[in-house]
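# Structural characterization, general
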Amino acid sequence: MKIGIPKEIKNNENRVGMTPAGVAELVKHGHTVYVQATAGEGSGFSDSMYVEVGAQVLPAIEDVYAVADMIIKVKEPIAPEYGLVRNGQLVFTYFHFACSRELTEAMIKSGGVCLAYETVQLADGSLPLLTPMSEVAGRMATINGAYYLQKTKGGKGKLICGVPGVKPAKVVVIGGGIVGQAAARVAAGMGADVIIADISLPLLHELDINMPANVCTVYSSHDNICKEIKNADIVVGAVLVPGDKAPKLITRDMLKLMEPGAVLVDVAIDQGGCFETSHPTTHSEPVYDVDGIVHYAVANIPGAVPNTSTTALTNATLKYAVALADKGWRKACADDPALAKGLNIVNGKVVYKAVADVFDIPYEALTI
């Protein structure tokens, strides 16, 4: 199979779809890999590193899309790429369709096969291709929240860990999944007082046992969230409904309960955000203020640490990429139900129900 790895063109997105080590494995399986020139530089991987493992370097993004049967990338195609996706071409990446009608309609029009990392789902409900970036995003959420808590950045002017005689910051994490756990552990490790909220009682029981002593759990009801955010310094939104829009758990009216300079970090922004006042931001302009509350809603948080992120992502995606290349997408998905759940749009038809429901688009179950 001919596999293309284009350079990411989203704002300050320095990750790349695959490391040289991953490319080497695809080449070992007899596939031809085309990498766009400088695609890996932001992650610390030079063109020569890809050439050394057998890849061919092409000068322009158009060249990569034109020659490839399968595109492997990190973020969803953006407007300049819409017209590059061909009928029947497999695109393997994060799509997050539910938060963009424009992207959804563009991919329907393209006739491509859109296999989304974020909806590949194992039998136990876990999301193996979302997990590595969730781990990075959760850790970074706390680190960035602590940074913007500084007075010079618009925050309360509090040190997250406190000092002897001065209490540490209070961090509220809404959502106890991979992102929430990562955020809570880093916050706890930095010395904060941490509250983690979720609607799953079995998960709360598990977290209560396994989390550090300075992490407390609460049930994620509206009343409890209102109580906890009143004196929160940092609130991390870490809610996920696979393939669907995130629920709005903090409304604009609820911001009135919070103290000026508190920081909201919306990690769910890729799925529309879990705060009513959230809108996507970029690494170049990451924050904005609403009613005195600092909002951080960067849609590609792991892009700030691309070497770590690209390596972690390749570790997770490689076995699926090899299967898709070796067998073709139909056979690979027929053999692996988890991978089949990644199919969102196929040849102009929406085959993932949550996406169809969000935009009231006809849903067609796919028979493989």
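Before any of the text, the structure's been laid out above.
Residues numbered from 1 in each chain as written. Predicted model: local features only at pLDDT ≥ 70, side-chain atom pairs only at ≥ 80, totals over all residues. Heavy atoms only, no water.

## Describing the sheet that holds strand β11 (residues 263-266)
- Reading across from one edge, β9-β8-β7-β10-β11-β13-β12 is the order of the seven strands in this open sheet, with mixed pairing throughout. The open sheet has two edge strands, β9 (215-219) and β12 (287-290), and neither has a second partner. The sheet shows a mean angle of 20° between the axes of neighbouring strands, direction not considered.
- As defined by bridge partners, β11 adjoins strand β13 (residues 293-296) across three bridges and the pair is classed as parallel. Across the sheet, Val263 pairs through a bridge with Val294, a residue of β13.
- Each of β8 (193-198) and β9 is contacted by helix α8 (residues 201-210), which is oriented at about 170° to β9, the strand it contacts most.
- The strands touched by helix α9 (residues 222-229) within the sheet are β7 (170-174), β8, β9 and β10 (234-237), with β7 carrying the most contacts at an inclination of about 155°. (Pairing = 2+ DSSP bridges. Helix = DSSP H or I, 4+ residues; strand = E, 2+ residues; numbered from the N terminus. Axes fitted to C-alpha atoms, helices over the stretch in contact; angles between N-to-C directions. Contact = heavy atoms within 4.5 Å.)

## Describing the side chain of Ser309
- Mapped onto the secondary structure, Ser309 falls in helix α10 (residues 306-327).
- What makes Ser309 buried here is its relative accessible area of 0%.
- A distance of 2.8 Å separates a polar atom in the side chain of Ser309 from the backbone oxygen of Pro302.
- Filtering out sequence-adjacent residues up to four positions away, Ser309 remains in contact with Arg15, Met133, Val136 and Pro302. (Buried < 20%, exposed > 50% of the residue type's maximum accessible area, 1.4 Å probe, protein only. Polar contact = N/O pair within 3.5 Å; in protein donor to acceptor, adjacent residues only side chain to side chain.)

## With respect to α10
- With 22 residues, α10 extends 30 Å between its outermost C-alpha atoms, agreeing within 8% with the 32 Å of an ideal straight helix rising 1.5 Å per residue.
- For α10, the principal kink sits at Thr317 and spans about 45°.
- Positive phi appears at Gly328, one or two residues downstream of α10, with a value of about 85°. (Expected span 1.5 Å × (residues − 1). Bend = angle between axes of the 7 residues up to and from the residue.)

## Here we look at the environment of Phe95
- Relative to the assigned elements, Phe95 resides in the loop between β5 (90-93) and α5 (101-110).
- On the basis of relative accessibility, which here comes to 1%, the residue Phe95 falls in the buried class.
- The sequence separation of Phe95 and Glu52 amounts to 43 residues, and the corresponding C-alpha distance is 30 Å.
- Contacts of Phe95, omitting those with residues within four sequence positions, involve Glu76, Pro77, Leu103, Met107, Cys114, Leu115, Ala116 and Glu118.

## Section: the packing of helix α6 (residues 131-148) against α10
- Between α6 and α10, the shortest axis-to-axis distance is 8 Å and the interhelical angle comes to 155°. Overall, the two elements α6 and α10 adopt an arrangement that is roughly antiparallel. Packed against α6, whose contacting residues are Pro132, Met133 and Val136, the element α10 presents Ser309, Ala312, Leu313 and Ala316 at the interface.
- Of the residues contributing to the contact of α6 with α10, the split by class is six nonpolar, one polar and no charged. (Parallel < 35°, antiparallel > 145°, perpendicular 65-115°, else oblique. Nonpolar A, V, L, I, M, F, W, Y, C, P; charged D, E, K, R; others polar.)

## Considerations on the side chain of Gln121
- As for its position among the elements, Gln121 is in the loop between β6 (113-116) and α6.
- You can call Gln121 buried: its relative accessible area is 19%.
- Polar side-chain contacts of Gln121 include one of 3.1 Å to the backbone oxygen of Gly125.

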